[in-house]
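Analysis of the macromolecular model
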Amino acid sequence: MPENIQLEVAKLSDINGVLDLQKLYLVSNLTEEEKKSGFVTTPFSVEQLTYVINNEGLFIAKDNGKIIAYIFAESWDFFSQYPIFEHMISLFPKLNFLDFEINSTSSFQYGPICIDKKYRGKGLINLLFEFMRIHVVKKYPLSLTFINKTNIPSYKAHTEKLNWTVIGDFEFNTNNYFILAYDMNESTLPNG
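What you are looking at is a predicted structure, and each value in this text was computed from that prediction instead of being measured. (Residues numbered from 1 in each chain as written. Predicted model: local features only at pLDDT ≥ 70, side-chain atom pairs only at ≥ 80, totals over all residues. Heavy atoms only, no water.)

1. Describing the overall build of the protein chain
Our working rule: Helix and strand definitions here come from DSSP, where helices need a minimum of 4 consecutive H or I residues and strands a minimum of 2 consecutive E residues; each element is numbered from the N-terminal end. Each radius of gyration reported is based on C-alpha atoms, and the globular scaling rule is 2.2 Å times the count of residues to the power 0.38. Relative accessible area decides the class of each residue, using a 1.4 Å probe on protein chains only: under 20% of the type maximum gives buried, over 50% gives exposed, and in between gives partly exposed. Contacts are assigned to residue pairs with any non-hydrogen atoms lying within 4.5 Å of each other. Accessible surface area values rest on a Shrake-Rupley calculation with a 1.4 Å probe, where residue burial reflects the displayed protein chains alone. Positive charges come from Lys and Arg, negative ones from Asp and Glu, while His and the chain ends are left out of the count. Charge coordinates come from a single atom per side chain, which is NZ of Lys, CZ of Arg, CG of Asp or CD of Glu.
Of the regular secondary structure elements, the protein chain holds seven helices and seven strands. When its helices and strands are written in sequence order, the protein chain yields β-α-α-α-β-β-α-α-β-α-β-α-β-β. Relative to its length of 192 residues, the protein chain is compact, with a C-alpha radius of gyration of 16 Å against a globular reference of 16 Å. Taking all 192 residues of the protein chain together, 51% fall into the buried category. Taking the intrachain contacts of the protein chain between residues at least 6 apart in sequence as the baseline, contacts between residues at least 24 apart amount to 72%. Accessible area of the protein chain: about 9600 Å², with a carbon and sulfur share of 50%. Treating the 17 positive side-chain charges of the protein chain as one cloud and the 22 negative ones as another, the clouds have centres 6 Å apart.

As structure tokens, then:
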């Protein structure tokens, strides 16, 4: 892990850097070959980023001031503006994970996460996730997300590096997704 990487709660001055990184890995901007390395599917506008940042729901990593990774951690109320998230919320009553009651007030939508490919495979995902977890666990004990079944790099990163649990799946707009859950009281770091 390079020494000069800083982990921060995003500020409004970070919006352009987040948009630049989003543009690089947004699924609609990638070739089929590029998609094999992972992608993000949800584009955010300046207005949406402003809301999330003001709510302290965006966490970033910087290398010498340049944003190289981000993680969103926001309420289901915010994400319900997108039909796919509304669909996932409707599945909550059928889901089970440990002793949690799965609902839209005790959990939050984790993601998207995006890491510049030059920094992947170096442990940054664990450090950034842990940084986010420490901030968010005060509000939410449970994290939920979904991953497109074709996004193998993201699936492996979350199940193998971060120990997320697959608790279901669904189909939406002809795409298939895994539903994953994470107990926010658990550290992903060996000595956490």
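Next comes the rest of the write-up.
2. Some remarks on the sheet that holds strand β1 (residues 5–9)
Selection rule: We treat two strands as partners when DSSP finds at least two bridges between them. Here an axis means a line fitted to C-alpha atoms, over the contact stretch when the element is a helix, while the angle between two N-to-C directions is reported on a 0 to 180 degree scale.
The mixed open sheet is built from seven strands, whose spatial order is β1-β2-β3-β4-β5-β7-β6. Of all strands in the sheet, those bounded by a partner on one side alone are β1 and β6 (165–172). If you compare each strand with its neighbour and ignore which way they point, the axes differ by 25° on average. Judged from the seven bridges that link them, strand β5 (residues 142–148) and strand β7 (residues 175–183) form a sheet pairing that is antiparallel.

3. So, the pairing of strand β4 (residues 107–115)
Put simply, the rule is: Here, the term right-handed applies to a crossover whose path from the first strand over the helix to the second runs clockwise when the strands point away from the viewer.
Counted residue by residue, β4 has nine buried out of nine residues, so it is predominantly covered. Examined bridge by bridge, strand β3 (residues 66–74) and β4 share five bridges and lie antiparallel to one another. By the bridge assignment, Ala 69 is partnered in β4 with Ile 115. Across three bridges, β4 lies against β5 in parallel orientation. When the bridges of β5 are listed, Phe 108 appears paired with Ser 143. Running through helix α6 (residues 124–136), the crossover from β4 to the neighbouring parallel element β5 is right-handed.

4. Points about the pattern of salt bridges
Condition: Salt bridges are defined by distance alone: a side-chain nitrogen of Lys or Arg within 4 Å of a carboxyl oxygen of Asp or Glu.
Tallying each qualifying case throughout the model produces seven salt bridges. A salt bridge links Lys 11 to Glu 8, with the nearest nitrogen and oxygen atoms 3.2 Å apart. What makes Lys 11 partly exposed here is its relative accessible area of 41%. Overall, the relative accessible area of 19% leaves Glu 8 in the buried class. Between Arg 133 and Glu 130 there is a salt bridge whose closest N-O contact spans 2.8 Å. Of this pair, Arg 133 and Glu 130 both sit in helix α6, separated by three residues, roughly a single helical turn. Its relative accessible area of 10% is what places Arg 133 among the buried residues. Through salt bridges with shared partners, a single network forms among Glu 8, Lys 11, Asp 14 and Lys 62.

5. Regarding the environment of Leu 24
By the secondary structure assignment, Leu 24 is in helix α1 (residues 15–25). It is 21 Å that separates the C-alpha atoms of Leu 24 and Ile 53, two residues lying 29 residues apart in sequence.

Structural measurements only, silent on function.
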